[in-house]
Amino acid sequence: MDDSNPSPVRRLHLYETILLFAVPVLFVVYPFAVNDYYIDIGFYFGIYALLGLSLNIVLGEVGLFDLGHAGFYAIGAYTTAILNTKLGVPVIILIPVSALAAALFAYIVCSPIIHLRGDYLCVVTIGMGEIVRLALINNFLGLTGGPNGVYNIDFPSFGGSFVIDSSIEYYFLIWIIVGVSIVGLIRLQHSRIGRAWNCIREDEVAAGTTGIDVRYYKLLAFVLGAALAGVAGNIYASKLMAVSPESFTFWESCMMFCIILIGGMGSIPGVLIGAAFISLFPEIFRPFAMYRMLVFGVVMILMMMFRPGGAWPRRRGGADLPSLFSRMRKSHDG
Amino acid sequence: MKTLKYLFLVSLLVAVFIPASSMAAKAPVVIGLQGPITGPWAYEGEMAKQSCEIAAKLINDKGGILGGRMIELRVVDDAGEPKTGALAAQKLVGQKEVVAVVSTYGSSVCEPASNIYEKYKKVNIGYGVTAVRLTQRDFKYFFRTCGRDDSQGKFFADNVPAKFNAKKIAIMHDNTAFGKGLAEDTERALKPMVDAGKVQIVYYDAITPGEKDFRVSLTKLREAKPEVWYYTGYYAEAALLVSQAREIGVTCPFVGGNAAINNEFVKIAGLDVAKGCYMTNEPLPADLPYDKAKEFLNAYKAKYGDIPSSPWPIYAADALNIIAYTVDKTGSMDADKLAGYLRKDVDGVPGITGPIGFTDQGDREGVPFYIYVVDEKGNIVISK
């Protein structure tokens, strides 16, 4: 953490400015240069980026240990799957509906446990994620289809004319959503809410004594995080055209946790790096079959030893859009 | 001099290209295998891979197909997980030389993967995917060599009443998803015979799993006077049921579903009660009577020391065999031709798991099931 610059807005280095423009261009050009398999890897990178961003709100911004995030992801995916197959609601309309369903679930389930701290909260969230998965396996209310899941989900379409059904269209769909989320989250980081979250993360008691409604802000983080995970669930369900409980295991929650730890708590570029690592690494190392996870573990341990703050830790007022704009305006008020 | 130089160049070119083109004719026929090489079902994936390798080797040792072209297996890992399965499928469809794919072990992994194979027109044959709905989608390129979840009920209806010459049938289940499902499938499969007046279902009821005393239900069963009694639940209750039934004087043959009888069943019920109890079951690899099975299992045993411990890998080997057979017969790599041939012309082709043929939906025709019986020594063997 670089706290040497007390000003909330810092000037960008030249290389940061170049990165800020080069990375989006790279993302746009990439799918035109490769075949569908690599586009699909890019798509799943996007899904993990969105999931990472959603968990980053809870774990990164507020410091709440949440190892049941796959539960929210599952709620979003199954809401889409069930409403689309049973009632024929278009998938695109179900994006906000899935977000709301996951958010509502988070509100109801997290309200009674929000006062728990650290490991205790972690244990409860593990339980929450597992309960969701087991409910899905046990064919909850006869809707979730048990271990076989729900199938025949439609493709998203805009007014029936433009249907998203190819790899490249899905790639752009997910990355547009990730892009919009990133802009929103950066705004959020710099808002009163973002500062309150960080304050709670650093010292909950101090935050409470300065008048921050700790309970409210913690719940807000869970609800927002769940909503984003719900959106990811929606896209995932329509991409695979089928959902089943295997996709929402504890392992998936761990992966999201790793994204944040690898990238750096509360850092949005870090989330992208972490998501890239999580989604690309298993594909690159797939030929090693069983040794894959061994290497993965070693890399994680080395990471923790040599860069405990993550690959790209968050710096106060770091390289992000508002600071870029303020640099352009030569203004220094945050 | 110049002409000579050109002649030399041309002859050099010819010399380079003739072997190349004749080599191209002998290029291997690449068949994909998508399976859970890692993940929770890694042992299934590993055995499927080994089985396919053995099957390919057996074909290659006999000179390959299409007049000397070898089979090459290309394995991709789907980790037993739907997302990775979709990626694995995407990877294989991107490789033009892959003719067709053996794919895969779990139904929920197969679902998204088969969507991709369908979209990119690649024949894919499932080997451990039993969900009924997979072949209800009117897919053109999807087949499976294994049975469906409801094959067992159909097998019971086709074979068991005839074997015991029984007209009155009792069906008992345990209200679990599996037991109830099998009971319902059996009832559905028996319906045409019931309507024709050939058989009668005199008892159809459920017991509560976990209970220890089933005498009330069994008394009802005894009063119905069935000539054969089918129990579709698990072995723990099955053992108690049979013991108590014999005590109160139910004498008709007991037939269990494929979860009802195993070595534990024999232990709990005791040999006296257990012997002569029947079950419907997929054939275990060791029990397959076919020549191809013997050849395959011997080769497998020679290489890996033992035969596959699960029934599924041999279906994978059969899927590979039937792909090789179809490519050989049609002389084509075109997915439409292969799918058409598999659907229409493959009928009773000898395979490891018995004659292979496909229905119009792509289901295996005549799925192999057997009636097993507990013998005098407590071993579970095929009933003659």
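Residues numbered from 1 in each chain as written. Chains lettered and ligands numbered in written order. Predicted model: local features only at pLDDT ≥ 70, side-chain atom pairs only at ≥ 80, totals over all residues.

Participant: Quick rundown of the overall build of chain B? Include the residues and the values.
Facilitator: Looking only at helices and strands, chain B features 13 helices and twelve strands. Out of the 384 residues belonging to chain B, those deemed buried represent 47%. Excluding contacts between residues fewer than 6 apart, the proportion of contacts in chain B whose partners are at least 24 apart in sequence is 68%. (Helix = DSSP H or I, 4+ residues; strand = E, 2+ residues; numbered from the N terminus. Buried ≥ 20, exposed ≤ 12 C-beta atoms within 10 Å, placed from the backbone. Contact = placed C-beta atoms within 7 Å.)

Participant: I'd like a rundown of the environment of Arg215(B), residues and numbers included.
Facilitator: All names here are of chain B. Mapped onto the secondary structure, Arg215 falls in helix H7 (residues 215-223). A count of 13 C-beta atoms within 10 Å places Arg215 in the partly exposed class. Distance from Arg215 to Ile248, taken between C-alpha atoms, is 7.8 Å for residues 33 residues apart in sequence. Discounting residues that sit within four places of it in the chain, Arg215 has contacts with Gln244 and Ile248.

Participant: Please give an account of the sheet that holds strand S7 (residues 200-206) of chain B that cites residues and values.
Facilitator: Residues and elements named next belong to chain B. In spatial order, the strands read S7-S6-S8-S9-S10-S11-S12; together these seven strands make up an open sheet with mixed pairing. The strands lining the two open edges of the sheet, one partner per strand, are S7 and strand S12 (380-382). Averaged over neighbouring strand pairs, the angle between their axes works out to 25 degrees when direction is ignored. Note that strand S9 (residues 254-256) and strand S10 (residues 278-281) share two bridges and pair parallel. The residue of S10 that forms the bridge with Val255 is Tyr278. (Pairing = 2+ DSSP bridges. Axes fitted to C-alpha atoms, helices over the stretch in contact; angles between N-to-C directions.)

Participant: Provide a residue-level description of the environment of Thr144(A), including the pertinent values.
Facilitator: Along the polypeptide, Thr144(A) turns up in the loop between helix H5 (118-137) and strand S1 (150-151). The exposure class of Thr144(A) is buried, given the 22 C-beta atoms found within 10 Å.

Participant: Summarise the pairing of strand S4 (residues 123-126) of chain B; cite the residues concerned and give the values.
Facilitator: On a regular strand, one side chain projects to one face of the sheet and the next to the other, so that they alternate. Residue and element names in this part refer to chain B. Of the two faces of S4, both are covered, the one formed by Val123 and Ile125 as well as the one formed by Asn124 and Gly126. In terms of strand pairing, strand S3 (residues 98-103) meets S4 through three bridges, oriented parallel. Of the residues in S4, the one forming a bridge with Ala100 is Val123. Between the parallel elements S3 and S4, the chain passes through helix H4 (residues 107-119) in a crossover that is right-handed. Of the pairings in the sheet, the one linking S4 to strand S5 (residues 142-144) comprises three bridges and is parallel in character. When the sheet's bridge partners are listed, Ile125 is paired in S5 with Phe143. (Right-handed = clockwise from strand over helix to strand, strands pointing away.)

Participant: Before we move on, can you summarise the sheet that holds strand S1 (residues 29-35) of chain B with the specific residues and values?
Facilitator: All names here are of chain B. Pairing within the open sheet is parallel, and its five strands lie in the order S2-S1-S3-S4-S5. Each edge of the open sheet is held by one strand with a lone partner, namely strand S2 (71-77) and S5. Taken over all neighbouring pairs, the strand axes of this sheet differ in orientation by 25 degrees on average, direction set aside. Sheet strands in contact with helix H3 (residues 82-93) are S1, S2 and S3, and its direction is about 175 degrees off that of S1.

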